[in-house]
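Here's the letter readout for the chains.
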Amino acid sequence: MVMTNNVTFIFLLGFPDLHNFTFLFFSLLVLIFCGTISGNLLIMVLYLVSKTLQSPMYFFITQLSLCDLLLTTDIVPVLLHTVLYGGSTITLIGCITQFNIFVISEVSECLLLLVMSYDRYVAICDPLSYHYIMTHTFCVISVHVVWFISFIVTLVYAVSMYNLYFCGPNVIDHIYCDFEPILQLSCSDTSIIHSQVLIMGSLFVMLPFIVIVTSYVYIVLTILKIPSTTGRHKAFSTCSSHLIVVTIFFWTLITVYMFPTKGQSLTISKVLSLIYTVLTPLFNPIIYTLRNKEFKTAFIKLKGVLQ
């Protein structure tokens, strides 16, 4: 017997206690949204038009920007409406779809950061083989595999969630349609989905993180063996931007999904969610461009051409 869901629309509360700070917070989110969109689009445009940026590292950075754009356009517009009007009404299907798009972007970013760490590992630890290993074909295949795995993981979640029976309530006290808040609306047995999250999280969050940490241990040990201070500084500078992004991204993601604190306040949960859904997509282009001379040079050249 197929049960019809009692819940067809969901009300997102967002931040109901902002009061006098609503417009200020809304304005800040708009600035962040515009900065994120323009920053990540700029990275993609610079890669396409600049010959000096045609390398594996910058190719992967453009894919990272694509993930950030996907995440930002999925989360922030609804969040802006929620903040401005004290809540948002979204269909159940729309809510699940928002979460599925979130999964695609987050899994893709985890795997892309893993591939980028391998790129840095080969560049530092085996520089003579770099051009033979990190070929254009290898990079393109890697990116295709990353997106394919992300879609498969998302498909698993989507099928599982669409088969649940939702009986209510229809209110989610969060800034977007996240995994746990959605399941709390269901009267079905969600133990299978929780097991899926544990397995998927271990495979596509924890495992990439462990491999990245291991690769950086080897990278640091290799850099310390470089005799000159200038050489060590130059080698480390090529990895520092990626290391900062990895630290911010995985810290928030693992804190929220892999080791959630029981009884954690809703405010802390929402703030952590803001970091990895709103701020991290803004930080990525800033970190990769402001700390990179080649990006700066390419931007100046593009600016000169447009003028």
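The shown structure was predicted, so the numbers you read here are calculated from the model rather than taken from an experiment. Residue numbers run consecutively from 1 along every chain, following the written order of its sequence. Residues qualify for local features only when their pLDDT is at least 70, as the model is predicted, and side-chain atom pairs are given and counted only at 80 or more; totals for whole chains, interfaces and linings, by contrast, use all residues. Side-chain measures were taken over the full set of non-hydrogen atoms in the model, leaving aside hydrogen atoms and water.

Draft legend 1. Spatial organisation of the overall build of the protein. Within the protein, the regular secondary structure consists of 10 helices and three strands. Helix and strand assignments follow DSSP, with helices taken as H or I runs no shorter than four residues and strands as E runs no shorter than two, numbered in order from the N terminus. The order of helices and strands in the protein, counted from the N terminus, is β-α-α-β-α-α-α-β-α-α-α-α-α. Computation of the radius of gyration draws on C-alpha atoms alone. For the globule rule, the value is 2.2 Å times the number of residues to the power 0.38. Taken over the C-alpha trace, the protein has a radius of gyration of 21 Å; the compact-globule value for 307 residues is 19 Å, and the two agree within 12%. Summary of the burial criterion: residues with accessible area below 20% of their type's maximum are buried, those above 50% are exposed, and those between are partly exposed, where the area comes from a 1.4 Å probe applied to protein chains only. By residue count, 49% of the 307 residues in the protein fall in the buried class. As displayed, the protein has an accessible area near 15,600 Å², and 72% of this comes from carbon and sulfur atoms. Taken as two groups, the 12 positive and 12 negative side-chain charges of the protein have centres that lie 20 Å from each other. With residues, only the protein chains shown are counted as cover, and all accessible areas are computed by Shrake-Rupley using a 1.4 Å probe. Within this scheme the basic residues Lys and Arg register as positive and the acidic residues Asp and Glu register as negative, but His and the chain ends are omitted. Just so you know, the charge point we use is NZ for Lys, CZ for Arg, CG for Asp and CD for Glu.

Draft legend 2. Quick look at the pairing of strand E1 (residues 9-12). Going residue by residue along E1, you find Ile-10 and Leu-12 tucked away on one face and Phe-9 and Phe-11 left uncovered on the opposite face. Being paired, for any two strands, means DSSP has found at least two bridges between them. Bridging between E1 and strand E3 (residues 171-172) involves two bridges; their strand directions are parallel. In the strand pairing of E3, Phe-11 is matched with Val-171.

Draft legend 3. Highlighting the side chain of Gln-63. As for its placement among the helices and strands, Gln-63 is situated in helix H2 (residues 56-85). Among the residues examined, Gln-63 registers a relative accessible area of 13% and is labelled buried. Setting aside residues up to four positions removed in sequence, Gln-63 forms contacts with Leu-112, Val-143 and Trp-147. Note on contacts: a residue pair is in contact if any heavy atoms of the two residues lie within 4.5 Å.

Draft legend 4. Representation of the nonpolar core. In this text, buried Ala, Val, Leu, Ile, Met, Phe, Trp, Tyr and Cys residues form a nonpolar core when linked through side-chain atoms within 4.5 Å. Formed by 92 residues in total, the largest nonpolar core has its most connected members in Ile-10, Phe-60, Ile-61, Leu-113, Phe-166, Ile-182 and Phe-250. For this core, the element with the highest residue contribution is helix H3 (residues 92-125), accounting for 16 residues. When sequence neighbours within four positions are dropped, the list of residues in contact with Phe-250 reads Cys-110, Leu-113, Val-205, Pro-208, Phe-209, Ile-212 and Thr-255.

Draft legend 5. Fine view of helix H7 (residues 191-224). Its 34 residues give H7 an end-to-end C-alpha distance of 47 Å, which sits within 8% of 50 Å, the value for a rise of 1.5 Å per residue. Take the seven residues that end at a residue and the seven that start at it, fit an axis to each, and the angle between those axes is the bend at that residue. The largest bend in H7 amounts to roughly 40° and is located at Ser-202. Multiplying 1.5 Å by the helix residue count minus one yields the expected span of that helix.

Draft legend 6. Here's a closer look at the packing of aromatic side chains. A pair of Phe, Tyr and Trp rings is counted when the ring centres sit within 6.5 Å of each other, with Trp represented by its six-membered ring. The angle between the planes then sorts it: under 30 degrees is stacked, over 60 is edge-to-face, the rest tilted. Summed over all chains, the structure comprises 13 aromatic pairs. A centroid spacing of 6.0 Å and a plane angle of 45° characterise the contact between Phe-102 and Tyr-276, whose relative ring orientation is tilted. Highlighted residues: Phe-102 in helix H3 and Tyr-276 in helix H9 (residues 266-290), separated in sequence by 174 residues. For the pair shown, Phe-102 and Tyr-276 are each scored as buried. Pairing Phe-209 with Phe-250 gives two aromatic rings, centres 5.4 Å apart and planes at 40°, and the pair type is tilted. Taken as a pair, Phe-209 in helix H7 and Phe-250 in helix H8 (residues 229-258) lie far apart in primary sequence, 41 residues in all. Judged by its relative accessible area of 27%, Phe-209 falls in the partly exposed class.

Draft legend 7. Spatial organisation of empty space enclosed by the protein. Put plainly, a pocket is an open set of points on a 1 Å grid over the protein atoms alone with protein on both sides within 12 Å along at least five of seven lines, a cavity is a set where a 1.4 Å probe fits but cannot get out, and a lining residue has an atom within 4 Å of a point. Grid points are joined across faces, edges and corners, and a volume is the space filled by probe spheres set on the points. Counted under the stated rule, the structure contains two cavities of 30 Å³ or more. Space inside the largest cavity adds up to approximately 260 Å³. At the level of elements, H3, helix H5 (136-162), H7 and H8 are the ones that each hand at least two residues to the lining of the largest cavity. The element contributing the most residues to the lining of the largest cavity is H3, with six residues. We call Asp, Glu, Lys and Arg charged. Ala, Val, Leu, Ile, Met, Phe, Trp, Tyr, Cys and Pro are nonpolar, and the rest, Gly among them, are polar. For the lining of the largest cavity, a count of residues per class yields 15 nonpolar, one polar and one charged. Quantified by volume, the second largest cavity comes out at close to 40 Å³. Around the second largest cavity, the lining residues are Met-57, Met-116, Asp-119, Arg-120, Thr-238, His-242 and Tyr-288. Counting residues per element, the ones that place at least two in the lining of the second largest cavity are H3 and H8. The element that contributes the greatest number of residues to the lining of the second largest cavity is H3, accounting for three residues. When grouped by side-chain class, the residues that make up the lining of the second largest cavity number three nonpolar, two polar and two charged.

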